[in-house]
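# Report on the structure
Given next are the chains, with one letter for each unit.
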Amino acid sequence: MIRLENIAKKYDLGGTNVSALDDISFTIEQGEFVAIMGPSGSGKSTLMNILGILDNASSGAYFLEGHNITSLPDKEQARIRNRHFGFIFQSFNLFPELSAIENVMLPMSYAGIGFAERKQRAAELLDRVELSHRMTHLPTMLSGGEQQRVAIARALSNQPNLILADEPTGNLPTDKGQEILDILTELHRSGTTIVMVTHNDAQGDMAQRVINIQDGLLHSEVRR
Amino acid sequence: MKTREDWTLSLRMLWAHPLESLLLVLGLAIAIGATTSGLAMVEKARVDGDALLQLPEYREIVVSSRESSDQMTTPVVLTQDETVTLSIDDLEAAQLSPDIEFAYLAERTRLRFNTSDINFAPPDAPPETSDTNSNPNSAAADVSTENAAFNERPPLEFATVEGPQPQLDEVSGYSVTTDYFPAMNLTIADGSLFTEADLLQGNKVVVLGAELAKTLFADGENLNRQLASFTNIYTIIGTLQPTGTTLDAMVFMPSRLAQDNTGALAFRGPGGGNNTTLHFAVNDASKLNAAAEQLSSWFDTTYGVGNTATSVPRSAVEQAIDRKEKTALMTLILALAGLLIANVNVSNILYSRAIRRRKQVGILMALGASRRHIFNLFLGESGVVVSLGALAGMAIAFGFSVLLMQSGTDGALPVYAIVLGMLAAAGIALLFTLVPAVYAARIPPAVAIRVE
């Protein structure tokens, strides 16, 4: 499904080239659950940004379902992010001005889905994460766990091929974090590809494969 | 295109910072209101000026004898003791220039009707005059004629007419020569205008303005009806088409002529004196000065330098219009300066908002928003602020217009100019808000998403 070939990312900091990623190559198959692990500053987030085409690699090639998407126009990148990827962030990143259901409906509006359909689909997704009773609540009225469940519903709104989760339990207590992991596990079982960045070894153990990044290099790749 | 959720997000973002949003709208409202008013004032000055210069009286050259020098705006040095008497022959001076279309006389006059309750004066005292002001020399021509006749002390017999009587005690108007009507674009609606023969024979005929024709008699019938004024009986021979001016409420009669000491038919002015003002209308306003020079030269040669005064009223009006237009333009420039300052402030505030919302931009991009979506989102928010400011600004401009109207010094500002001015000012304001929208759209998503 995804193939990275010799991906490198360099930043120009005041005339000095800093390498954030170098020579990263791996593939992720459809339906896989992959954990990306590594210490702080190792390049995990940069790798996630490149995987989610929020950032472009300085060199190398990125293939999605056989298509080279390394360098695409903004509009096309936005379309791919919208239709193929679902993002889950550590700090939930819901819009506090929008209700739970409006947050879930937002990505579908960019996909051109009609209002009635996206409302119905958002309600179904919130029901799936057991938040049908909280649909009209603003994020500030929800607990952290509830907010992250809304974020998961939002990530699933356009039925993406790939869920990119960046430390999805990092801001949650253990029990609430487990609820989120259970949902992700359930999603994986239903065939969704999941790439999750985590510091937590136990969470890494849930994945089928762990990719370790250190100092911007692919340190190890372990299949469970 | 903005989606429903985008609009919800925009409006709730504005509502989330009510004081900041209110100040943005208020600042824009004042600046747009001032600019709109300024633009409308410039347009009004232009339109009013054009309309004023279209009036027939500002396509005229006025020649006066020194008898009426007190009416002139500049002092006239009298070089001779004798008063110049302008005769009807002087209107022939119009032939000096092919650009002069009409030559006529027009003097204010008033007809006071012999109604049943009129206060007839005793035979040994002058009858009440119907002067248009306190100066007896400027009283109406017909009344003055009656005064002169009265002073010769013939037995007075006030005229009376049978049949319907006018509903008014008196009417004002002009005693004119025949060219007056075409020169003032007055055309007949019913009956006829008086002729050169009426003028030369001193016929007692009158023509009514359109509004006066409706109100003079209760039944609205006028043609061939008679009006008694002191010793004279006037016959109504025509009514005019409406003009929408004060002329509609006036009466028009032939100028009085009398032989002067040379035997020429001179105009008999108020108080029995000789009339002094001739009007020469040109077909093209740009030819006014050249024609005026020709006339001035001819009258100087004929009557001596300084005994007649030739003036072009249009020149003074043009200067007044120019002053008014410049004043309006200065007001507009000041208002535009205010708009510029307000727009820079609004742009700065929206820019700082865009910086504060970088994280939001990153999330939206992760969810599938393109740069165009982000641009539209921010521009939509700016559009709401500018629209509210523009509407409030337009209300301010309308309020200013009402104040102007109520002050009585000037009329209301043109509505179309207010609307167009508001759109122009709002357009300028919207241009300034492009800066924060472009900035937000150019934030790299990877950078935006990292902002905490």
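Residues numbered from 1 in each chain as written. Chains lettered and ligands numbered in written order. Predicted model: local features only at pLDDT ≥ 70, side-chain atom pairs only at ≥ 80, totals over all residues. Heavy atoms only, no water.

Let's shift gears to the overall build of chain A. A count of helices and strands for chain A gives seven helices and ten strands. Sorting the 224 residues of chain A into buried and exposed places 56% on the buried side. Per element, the accessible surface of chain A, about 9300 Å² overall, is 47% carbon and sulfur. (Helix = DSSP H or I, 4+ residues; strand = E, 2+ residues; numbered from the N terminus. Buried < 20%, exposed > 50% of the residue type's maximum accessible area, 1.4 Å probe, protein only. Areas by Shrake-Rupley, 256 points an atom, 1.4 Å probe, with all protein chains shown as cover.)

What chain B contains, in helices and strands, is 13 helices and 13 strands. Across the 452 residues that make up chain B, the buried fraction comes to 48%. Across chain B, every contact between residues at least 6 apart in sequence was considered, and the portion connecting residues at least 24 apart equals 80%. Accessible surface, chain B: about 21600 Å² in total, of which carbon and sulfur atoms supply 58%. (Contact = heavy atoms within 4.5 Å.)

For the rest of this paragraph, the subject is the pattern of salt bridges. Within the structure shown, the criterion is met by 28 salt bridges over all chains. With its nearest N and O atoms 3.4 Å apart, the salt bridge here joins B:Glu211 to B:Lys214. Linking B:Glu211 with B:Lys214, this pair stays in helix H6 (residues 210–215), spanning three residues, or about one helical turn. The salt bridge involving B:Arg357 is made with B:Glu381; its shortest N-O contact spans 2.6 Å. Highlighted residues: B:Arg357 in the loop between helix H8 (313–356) and helix H9 (358–366) and B:Glu381 in helix H10 (residues 371–407), separated in sequence by 24 residues. By the burial criterion, B:Arg357 is buried, and B:Glu381 matches it. Each of the salt bridges in this network shares a partner with another, and the network as a whole consists of A:Glu32, A:Arg209, A:Glu221 and A:Arg223. (Salt bridge = Lys/Arg side-chain N within 4 Å of Asp/Glu carboxyl O.)

Helix length check: helix H5 (residues 144–155) of chain A (twelve residues) gives 16 Å between terminal C-alpha atoms against 16 Å at 1.5 Å per residue, within 8%. On the buried face of H5(A), the contacting elements are strand E6 (85–88), helix H3 (100–110), helix H4 (115–128), strand E7 (162–166) and helix H6 (174–189) of chain A together with H9 of chain B. (Expected span 1.5 Å × (residues − 1).)

Okay, the packing of H9(B) against H10(B) next. All names here are of chain B. Between H9 and H10, whose axes approach to 10 Å, the crossing angle comes to 135°. Overall, the two elements H9 and H10 adopt an arrangement that is oblique. Between H9 and H10 lies a crossing of right-handed hand. Taken together, the residues of H10 that come into contact with H9 (itself represented by Val361, Leu364 and Met365) are Arg371, Ile374, Leu377 and Phe378. A class-by-class count of the residues in the contact of H9 with H10 yields six nonpolar, no polar and one charged. (Axes fitted to C-alpha atoms, helices over the stretch in contact; angles between N-to-C directions. Parallel < 35°, antiparallel > 145°, perpendicular 65-115°, else oblique. Left-handed = near helix turned anticlockwise from the far one by under 90°. Nonpolar A, V, L, I, M, F, W, Y, C, P; charged D, E, K, R; others polar.)

Let's shift gears to the packing of aromatic side chains. The geometry of an aromatic ring pair comes down to the distance between the two centres and the angle between the two planes. Residue and element names in this part refer to chain B. Evaluated as defined, the whole model comprises 13 aromatic pairs over all chains. Ring centres 6.5 Å apart and planes at 10° place the aromatic pair Tyr174 and Phe252 in the stacked group. In this pair, Tyr174 is assigned in strand E4 (residues 170–176) and Phe252 in strand E9 (residues 251–254), connecting sequence segments 78 residues apart. Assigned by exposure class, Tyr174 and Phe252 land together as buried. (Phe/Tyr/Trp six-rings, centres within 6.5 Å; stacked < 30°, edge-to-face > 60°.)

What follows covers the interface of chain A and chain B. Taken together, the 26 residues of chain A in the interface contact 25 residues of chain B. Interface area for chain A against chain B, summed over the two sides, is near 2400 Å², with a carbon-plus-sulfur share of 63%. Of all residues in chain A, A:Phe95, A:Glu97 and A:Tyr110 give up the largest surface area on contact with chain B, accounting jointly for 29% of the area buried on that side. Here chain A and chain B share three salt bridges between them. Of the charged contacts, one joins A:Glu102 and B:Arg12 as a salt bridge, the two residues approaching to 2.6 Å between their closest N and O atoms. The interface formed by chain A and chain B includes eight residue pairs in polar contact (both at pLDDT 80 or more). Among the secondary structure elements, those contributing two or more residues to the side of chain A that touches chain B are helix H2 (74–84), H3 and H4 of chain A. Counting residues per element, the side of chain A that touches chain B draws most heavily on H3(A), at six residues. Looking at the side of chain A that touches chain B residue by residue, the classes come out as twelve nonpolar, six polar and eight charged. (Buried area = accessible area lost by both parts, 1.4 Å probe. Polar contact = N/O pair within 3.5 Å; in protein donor to acceptor, adjacent residues only side chain to side chain.)

Residues and elements named next belong to chain B. For chain B, the mean per-residue pLDDT works out to 84, and 82% of the residues sit at or above 70. The secondary structure element of chain B with the lowest average pLDDT is helix H3 (residues 141–151), at 53, and the one with the highest is strand E6 (residues 205–208), at 96. Note that pLDDT drops below 50 for residues 71–81; the model gives that stretch 15 contacts with residues more than four away or on any other chain. In this model, residues 122–142 is a region of pLDDT below 50 whose contacts with residues beyond four sequence positions or in other chains number 46 contacts. (pLDDT = per-residue confidence, 0-100.)

All names here are of chain B. Axis separation between helix H2 (residues 18–54) and H8 bottoms out at 8 Å; the angle between their running directions is 160°. In this view, H2 runs roughly antiparallel relative to H8, as classed from their interaxial angle. The element H2 and its partner H8 pack so that their crossing is left-handed. When grouped by side-chain class, the residues that make up the contact of H2 with H8 number 23 nonpolar, eight polar and nine charged.

Time to look at the side chain of A:Arg149. All names here are of chain A. One can find Arg149 in helix H5. Arg149 gets classed as buried once you look at its relative accessible area, which sits at 11%. There is a polar contact of 3.5 Å between the side chain of Arg149 and the backbone oxygen of Glu130. Beyond its immediate chain neighbours, meaning those up to four positions away, Arg149 contacts Val129, Glu130, Leu131, Glu179, Ile180 and Ile183.

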